[in-house]
Amino acid sequence: MSSTKIQVQGQPLPRVSSRNHSMRISVVCAASIKRHHRVSSVYSRESGPSLGSVPKRTDESTFLRGDGNGRFGRFGGKFVPETLMSRLRDLEDEFNFVLSDHEFQEELTTALRDYVGRETPLCFAGRLTEHYKNLARTTGGGGGRSGGPEIFLKREDLSHGGSHKINNAIAQAMIARRLDCSRVVAATGSGQHGVATAAACAKLSLECTVFMGTIDMEKQSYNVQSMKLLGAQVKSVEGTFQDASSEAIRNWVEHLGITYYLSGTVVGPHPCPVMVREFQSVIGKETRRQASQLWGGKPDVLVACVGSGSNALGLFHEFVGEEDVRLVGIEAAGLGLDSGKHSATLAVGDIGVYHGTMSYLLQDDQGQILRPQSIGVGLEYPGVGPEISFLKETGRAEFYTATDQEAIQACMLLSKLEGIIPALETSHALAFLDELVPTLRDGAKVVVNCSGRGDKDLDTLIHRGIPSSLC
Ligand SMILES: Cc1ncc(COP(=O)(O)O)c(C=O)c1O
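Residues numbered from 1 in each chain as written. Predicted model: local features only at pLDDT ≥ 70, side-chain atom pairs only at ≥ 80, totals over all residues.

Concerning the packing of helix α7 (residues 192-204) against helix α9 (residues 221-229)
Close contact between α7 and α9 brings their axes to 9 Å; oriented N to C, the two are set at 10°. As far as their axial angle goes, α9 and α7 are roughly parallel. Between α7 and α9, the contacting residues are Gln-192, Gly-194, Val-195 and Ala-198 on the first element and Asn-223, Ser-226 and Met-227 on the second. Split by residue class, the contact of α7 with α9 holds 3 nonpolar, 4 polar and no charged. (Axes fitted to C-alpha atoms, helices over the stretch in contact; angles between N-to-C directions. Helix = DSSP H or I, 4+ residues; strand = E, 2+ residues; numbered from the N terminus. Parallel < 35°, antiparallel > 145°, perpendicular 65-115°, else oblique. Contact = placed C-beta atoms within 7 Å. Nonpolar A, V, L, I, M, F, W, Y, C, P; charged D, E, K, R; others polar.)

Structure, rendered in structure tokens:
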């Protein structure tokens, strides 16, 4: 087996002889995309070449925002073959340019307002709040007090297409056009990113191909039909989202000239994770403004589900430098952490390289990727983004889990109490309120990111858990 050259932000690192380690670092390339190997056993934290050991803290806020080159401590980087480096550099240059380009920003602001429907409301969930107050009164939870925190929902489910995914898709589609790419490829799990990308491409007259796992296509058929109606070609890939991602990247590499890979979440080689986070950070910026208008302060706790981390970072990023705002991410515990059938990467994962970046991953002792599982299809990815990994390692954000069954219960509760059917992904964040609320002081302000709407999940709910009396 030949050795593989690893690059981090364009800096060639020493060649690692795979024979010495009986494993090879996987990179984003056509030939080896399916393979994944853990690097933690090659480069340990204490010894070996530095892959970004946790830097000295100077300014907390700057420290937590990474080095500006896609490195968050030892996480992130560009683990890609040479052929992709120049492409990623072009993308990075364009991304950095548009951040302060008046024309781009004006076009994006208009698109977010008139097409996406921003700003999305930050609405008080009065009956849900009351539900928890009643629980505390009747069960003696929270010391039997009658107060309790107030719960607010950031309504990303009201965005065009039904989820937060469009915030990023429309912005990146604009970048694709500026880079003279006439064709966009993407991968989707729940179908929400596929729908968002298909819509953005239709609007900007770009050819769109979306790769999707056969298993996911069956579960999210509503979104498959929507993508087709929006003019996208939907290509099925044996398996789930991780397989679809590999195939989309492979297709991108094969047609680099005219093709733009539109990443839907905060994973992949730099600048993809930073770019997606930047375009999603509108969620947190609006939340700050709206909180100030609604109660004249900041939120005390922000809660979001974590698939790979884009809706969570979108909400968190604005507040990362303010320690008095708690950041709480909820992963999918599936059938339970002990069952091995879950997507709880941060809870039980280990550090490795996959799809071009270093982060926490679900992997076995040999470094082979484990298949994630959750009732929330959009949470089924074996990794999380580098920035999320860093927030866990530094302890700035807290991460917990919710099972399939808890998510179903939370979905039903919000539907009944607030008249909002949340996506099953979102429902994981809502489920954690059962544990969180009794621990909070009276009047604390909790904001839950309602990342998507649950229409797409009705078939799953009917088949998997909703009581037959409701069908
Ligand atoms: C509604 C919804 N919420 C959350 C997620 C999880 O993705 P991320 O962690 O990138 O926000 C998805 C993924 O498809 C989704 O569709």
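Thoughts on unusual backbone geometry
Cis geometry is found at the peptide bond from Arg-118 to Glu-119, where omega equals 5°. Note that Glu-119 resides in the loop between α4 (102-116) and β5 (122-124). Across the junction of His-270 and Pro-271, the peptide omega takes the value 15°, indicating a cis bond. You will see that Asp-180, though not glycine, has its phi angle at about 60°, which is positive. Summarising the element assignment, Asp-180 is placed in the loop between α6 (165-178) and β7 (183-188). By the C-beta count within 10 Å, which is 9 here, Asp-180 ends up exposed. Phi at Ser-205 takes a positive value of approximately 60°, unusual for a residue other than glycine. Positionally, Ser-205 belongs in the loop between α7 and β8 (207-213). Of the residues examined, Ser-205 has 10 C-beta atoms within 10 Å and is grouped as exposed. (Buried ≥ 20, exposed ≤ 12 C-beta atoms within 10 Å, placed from the backbone.)

Examining the sheet that holds strand β9 (residues 233-237)
Across the sheet, which stays open at both edges, the 4 strands sit in the order β9-β8-β7-β10 with parallel pairing between neighbours. Taken across any chain shown, the strands that pair with only one partner, and hence form the sheet edges, are β9 and β10 (259-261). Neighbouring strand axes in the sheet, compared pairwise and without regard to direction, differ in orientation by 25° on average. With 3 bridges joining them, β7 and β10 adopt parallel strand pairing. Paired with Arg-183 across the two strands is Thr-259, which belongs to β10. (Pairing = 2+ DSSP bridges.)

Observations concerning the sheet that holds strand β15 (residues 397-403)
Overall, mixed pairing links the 6 strands, which are arranged β5-β6-β16-β11-β12-β15 in an open sheet. In this open sheet, the two strands that pair with only one neighbour each are β5 and β15. Each strand of the sheet is rotated relative to its neighbour by a mean of 25°, with strand direction disregarded. Here strand β11 (residues 301-305) pairs with strand β12 (residues 326-334) via 5 bridges, running parallel. Residue Ala-304 lies in a different strand from β12, and its bridge partner there is Gly-329.

Some remarks on helix α3 (residues 82-99)
An ideal rise of 1.5 Å per residue puts 26 Å on 18 residues; α3 measures up with 26 Å between its terminal C-alpha atoms. Restricting attention to buried positions, one finds in α3 the residues Leu-84, Leu-88, Leu-91, Glu-92 and Val-98. For α3, the arc enclosing every buried residue in end-on projection is 130°, short of the 170-degree limit, so these residues lie on one face. Of the exposed residues in α3, those oriented more than 90 degrees away from the buried face are Glu-82, Ser-86, Asp-90, Asp-93 and Phe-97. Along its buried surface, α3 packs onto α4, α6 and α10 (241-254). (Expected span 1.5 Å × (residues − 1). Arc of directions from axis to C-beta.)

Some words on the environment of Glu-393
Structurally, Glu-393 is set in helix α15 (residues 386-394). In the structure, Glu-393 is positioned 47 residues away from Leu-346 in sequence and 9.6 Å away in space, judged by C-alpha atoms.

A few points about the site of the ligand
Around the ligand there are 21 residues in total, and Gly-307, Ser-310, Asn-311, Gly-378 and Gly-452 lie nearest to it. Its residues assigned to classes, the shell around the ligand comprises 5 nonpolar, 15 polar and 1 charged. (Near = placed C-beta within 6 Å.)

Focus: α7
With 13 residues, α7 ought to run about 18 Å at 1.5 Å a step, and its terminal C-alpha atoms sit 18 Å apart, in line with that. Three or more residues of α7 are buried, namely Gln-192, His-193, Gly-194, Val-195, Ala-196, Thr-197, Ala-198, Ala-199, Ala-200 and Cys-201. The secondary structure elements touched by the buried residues of α7 are α6, β7, β8 and α9. Where α7 ends, the next residue or the one after it, Ser-205, has phi of about 60°, a positive value.

So, the nonpolar core
Counting 131 residues, the largest nonpolar core has Ala-173, Val-184, Leu-302 and Val-303 as its most contacted members. Element by element, the count of residues in this core is highest for α6, at 8 residues. Setting aside residues up to four positions removed in sequence, Ala-173 forms contacts with Val-184, Ala-200, Cys-201, Leu-204, Leu-206 and Leu-262. (Core = buried A, V, L, I, M, F, W, Y, C linked by C-beta atoms within 7 Å.)

Focus on the pairing of β11
Counting buried residues in β11 gives 5 out of 5 residues, a clear majority hidden from the surface. Neither face of β11 is exposed, since Val-301, Val-303 and Cys-305 on one face and Leu-302 and Ala-304 on the opposite face are all buried. Taken together, β11, helix α13 (residues 310-316) and β12 form a β-α-β motif whose crossover is right-handed. Here 3 bridges tie β11 to strand β16 (residues 445-449), and the two strands are oriented parallel to one another. Within β16, the position partnered with Leu-302 by the bridge is Val-447. (Right-handed = clockwise from strand over helix to strand, strands pointing away.)

Some remarks on the pairing of β7
Among the 6 residues that make up β7, 5 are buried, leaving the element largely enclosed by the rest of the structure. Bridge analysis of β7 against β8 gives 6 bridges, and the strand direction is parallel. Residue Ala-186 lies in a different strand from β8, and its bridge partner there is Val-210.

Side note on the packing of helix α16 (residues 404-418) against helix α17 (residues 424-431)
Axis separation between α16 and α17 bottoms out at 8 Å; the angle between their running directions is 90°. Relative to α17, the element α16 is oriented roughly perpendicular. Residues Glu-406, Ala-407, Gln-409, Ala-410, Cys-411 and Leu-414 of α16 lie in contact with α17, whose contacting residues are Leu-424, Ser-427, His-428, Leu-430 and Ala-431. Of the residues in the contact of α16 with α17, the class split is 7 nonpolar, 3 polar and 1 charged.

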